[in-house]
Amino acid sequence: LKQGDRRGGPRAPVTALHAMGEVDLPSALNLVIESFQDPRFTAQVEEFTNINIPAFAVATADGSQPLDWTFQFKKYKKLYEDQLTKTLSSSGVEVTDFMTYLEQCSQAYGGQPGYEHFDALMVSLTASEDYERFLQVMFAVVRENWVPEDSAALPLAPDVQLHEVDVVIPEGVGPGMAINIEYLGLAHQVVVPEGCFAGTAIRVTLQVPGP
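What comes next is a walk through the structure. Because the structure is a prediction, the values reported are computed rather than measured.

1. Describing helix H3 (residues 39-51)
The terminal C-alpha atoms of H3, which comprises 13 residues, lie 18 Å apart, in line with the 18 Å expected from a rise of 1.5 Å per residue. Residues Phe-41, Val-45, Phe-48 and Thr-49 constitute the buried set of H3. Summarising the axial view, the buried residues of H3 lie within an arc of 95 degrees, below the 170-degree limit, and thus occupy one face. Across from the buried face of H3, at angles greater than 90 degrees, the exposed residues are Pro-39, Arg-40 and Ile-51.

Shown next, in the form of structure tokens:
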């Protein structure tokens, strides 16, 4: 688990145990950490998040969210589930046994110096199991990949981004009235300009903290 931690006496290398199908839970945890850091898997995750940037860079009103977000969350979750299942299956370890052990490790080692790889694993697994954490991952990717438009005004501060987004005016709202919207998990209020009515899409500029 922790580099240099060899409790319980001498042990065969994890790779050797893996090849023999004799992996215990601590060794399985190390294998899972390695598999989540595998460049091929991280490239898969990065490709998924980058492809979905446009889907999450949208403003929503009245607390509603696009149904596509739930669909993409299920796909994101499956990426991690498949990687975890594949690693544990080849190790001869049951998923339920591993998850119980993982919870015990989280209580014992979570947040402690020297266990950063374990903490990173827990962050990844939590994001793949918790919809709200997944949204935060996607919103962060949107901010990290933001490119200002040529016509955009300069931000008020160096750590602030100006995002231009389209907002559809809801029913019952007219010129001069305010709309409460959410964008990248943050609340904003915009005023409907003159000449715009329900059903019209207006482009607004929103201030967003940088990554």
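2. Quick look at the side chain of Asn-52
By secondary structure assignment, the location of Asn-52 is in the loop between H3 and helix H4 (53-56). Residue classification places Asn-52 among the buried positions, given a relative accessible area of 8%. Not counting the four nearest positions on each side in its chain, Asn-52 is found in contact with Gln-72 and Met-138.

3. Considering the nonpolar core
Leu-29, Phe-98 and Phe-134 are the most contacted members of the largest nonpolar core, which has 54 residues in total. For Phe-98, the contacting residues outside a window of four places in its chain are Leu-25, Ala-28, Leu-29, Val-32, Leu-84, Leu-88 and Val-93.

4. As for the sheet that holds strand E1 (residues 60-61)
Taken together, 3 strands build an open sheet; the order of strands is E1-E3-E4 and the sheet is antiparallel. In the strand order of this sheet, the two ends are held by E1 and strand E4 (186-191), each with one partner. Note that strand E3 (residues 178-183) and E4 share 6 bridges and pair antiparallel. When the sheet's bridge partners are listed, Ile-181 is paired in E4 with His-188.

5. With respect to the pattern of salt bridges
Per the stated rule, a full pass over the model turns up 6 salt bridges. The partner of Glu-81 in a salt bridge is Lys-77, with the nearest N and O atoms 3.9 Å apart. Of this pair, Glu-81 and Lys-77 both sit in helix H5 (residues 67-91), 4 residues apart, which is roughly one turn of the helix. Close ionic contact of Asp-166 with Arg-203 constitutes a salt bridge, the shortest N to O distance being 3.0 Å. Here Arg-203 lies in strand E5 (residues 201-209) and Asp-166 lies in strand E2 (residues 160-168), a separation of 37 residues in the sequence. Look at the salt bridges and you will find they share partners, linking Lys-77, Glu-81 and Glu-129 into a network.

6. Topic: the environment of Ser-106
Of note, Ser-106 is situated in helix H6 (residues 95-109). With relative accessibility at 25%, the residue Ser-106 sits in the partly exposed group. Ignoring sequence-local partners within four residues, the contact set of Ser-106 consists of Phe-118 and Met-122.

7. So, the side chain of His-163
Within the fold, His-163 resides in strand E2. Here the side chain of His-163 touches Gln-161 through a polar contact of 2.7 Å, side chain to side chain. Ignoring sequence-local partners within four residues, the contact set of His-163 consists of Val-142, Trp-146, Tyr-183, Leu-184, Val-204, Thr-205, Leu-206 and Val-208.

Calculation notes
- Residues numbered from 1 in each chain as written.
- Predicted model: local features only at pLDDT ≥ 70, side-chain atom pairs only at ≥ 80, totals over all residues.
- Heavy atoms only, no water.
- Helix = DSSP H or I, 4+ residues; strand = E, 2+ residues; numbered from the N terminus.
- Expected span 1.5 Å × (residues − 1).
- Buried < 20%, exposed > 50% of the residue type's maximum accessible area, 1.4 Å probe, protein only.
- Arc of directions from axis to C-beta.
- Contact = heavy atoms within 4.5 Å.
- Core = buried A, V, L, I, M, F, W, Y, C linked by side-chain atoms within 4.5 Å.
- Pairing = 2+ DSSP bridges.
- Salt bridge = Lys/Arg side-chain N within 4 Å of Asp/Glu carboxyl O.
- Polar contact = N/O pair within 3.5 Å; in protein donor to acceptor, adjacent residues only side chain to side chain.

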